[in-house]
Amino acid sequence: MKTVIKGILGSAALALVASGASASTLEEVRSKGFVQCGVHTGLIGFAAPNDDGEWEGFDVDLCRAVAAAIFGDGGAVEFTPTNATERFTALQSGEIDMLSRNTTWTLSRDTSLGFNFAGVNYYDGQGFMINAANLPGINSALQLSGAAICVQTGTTTELNLADYFRANNMEYNPVVFQGFDETNAAYEAGRCDAYTTDQSGLIALRLTLANPDDHVVLPEVISKEPLGPAVRQGDDEWFNIVKWTLMAMIQAEESGITQDNLEEMMASDNPEIRRILGQESESTIGAGLNLDNEWVVNIVREVGNYGEVFDRHLAPIGVPRGLNALWTDGGLMYAMPLR
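Residues numbered from 1 in each chain as written. Predicted model: local features only at pLDDT ≥ 70, side-chain atom pairs only at ≥ 80, totals over all residues. Heavy atoms only, no water.

Draft legend 1. Spatial organisation of the pattern of salt bridges. Enumeration over the complete set of coordinates arrives at 7 salt bridges. One salt bridge connects arginine 321 with glutamate 253, and the closest N-O pair in it is separated by 3.1 Å. Of this pair, arginine 321 sits in the segment after helix 12 (306-313) while glutamate 253 sits in helix 8 (residues 236-254); the two residues are 68 residues apart in sequence, bridging distant segments of the chain. Between glutamate 280 and arginine 274 there is a salt bridge, with its nearest N and O atoms 3.1 Å apart. For arginine 274, a relative accessible area of 21% gives the class partly exposed. Taken together, the shared-partner salt bridges connect Asp61, Arg64 and Arg312 into one network. (Salt bridge = Lys/Arg side-chain N within 4 Å of Asp/Glu carboxyl O. Helix = DSSP H or I, 4+ residues; strand = E, 2+ residues; numbered from the N terminus. Buried < 20%, exposed > 50% of the residue type's maximum accessible area, 1.4 Å probe, protein only.)

Structure (structure tokens):
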């Protein structure tokens, strides 16, 4: 099924539409034949339309993986691009089935917004970028006292920025915008001295600037930003499907299961690999999720394992694995047992 770009939500009034989770999101998804997934409006590496208008990126592939788990088809998904504020309304209202949009998992988003985060697919942290040509001699965020700083509203970034400057007894002038593109344009036009957002976002943004070599990401990481997919509370079946899709991608990498060797792995004598891939005669790996026993096979075949997705979208733009390496390689990526 060809992926379709669904327009940005036009009004916060959508929040007044049924705010609770559907009695069965999975049934609704199966009925319409696709997953409706909320993504970024355009962040290179994570979610952006390519030259053919097709969505691609790290977060996009997680949506495709969920579709693959359900339908055996990674293309059975439609995308709703949302800005930082609209993303929450879209999920609360039921306009989207899941949110996969570099969104930070926080206590308040679990409690006051009524979301469940289905794990962390990218461990990040907030940083700062400057135009070194305009600010010679600046090599630390601690030298930014009095600076005008571009920041996007509706994000954890605003509060982190305020906390950091207050904790270090520094003054700053926030230059606040609602849209991602708006904020980027203001920074490139020189309306602020520095730009603050997640470091992965800064790396991606830098590549789009007219003279990327002029721009430097400062070394300070001032926050924890565990980014991950979110669903509405109240539908554990759907929550489990999204959560275990992510776990399966991580476990597939750890087990050495790739798109290239999938058929070979399906014939493996290793009982753990056979169980994960639903090849044991008594396998019930899909039953608890109301999915086919080869749902992990479908994910890997259609999308790949976690490392393959990272290498496809983030490594080419200069994002290191870092904390997002497998736990066996010193990172934080650790899948719960698929058994």
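Draft legend 2. Representation of the layout of surface pockets in the model. Here the largest pocket defines a volume of roughly 220 Å³. Along the walls of the largest pocket sit Trp244, Arg275, Ser283, Thr284, Ile285, Gly288, Leu289, Trp295, Pro337, Leu338 and Arg339, which together make up its complete lining. For the lining of the largest pocket, the residue count by class is 6 nonpolar, 3 polar and 2 charged. There is about 190 Å³ of room inside the second largest pocket. Lining the second largest pocket we find 15 residues, and of these Tyr122, Tyr123, Asp124, Gly125 and Gln199 sit closest to its centre. The residue inventory of the lining of the second largest pocket, partitioned by class, reads 7 nonpolar, 6 polar and 2 charged. (1 Å grid on protein atoms, 1.4 Å probe; cavity = no way out; pocket = protein on both sides within 12 Å on 5 of 7 lines; lining within 4 Å. Points joined across faces, edges and corners; volume = space filled by probe spheres on them. Nonpolar A, V, L, I, M, F, W, Y, C, P; charged D, E, K, R; others polar.)

Draft legend 3. How the structure looks around helix 1 (residues 25-32). For helix 1, the complete set of buried residues consists of Thr25, Leu26 and Val29. Projected onto a plane normal to the axis of helix 1, the buried residues spread over an arc of 100° and lie on a single side. Those residues of helix 1 that are exposed and aimed more than 90 degrees away from the buried face are Glu27 and Ser31. Looking at the buried residues of helix 1, the elements they touch are strand 2 (35-40), helix 2 (58-71), strand 15 (230-232) and helix 8. (Arc of directions from axis to C-beta. Contact = heavy atoms within 4.5 Å.)

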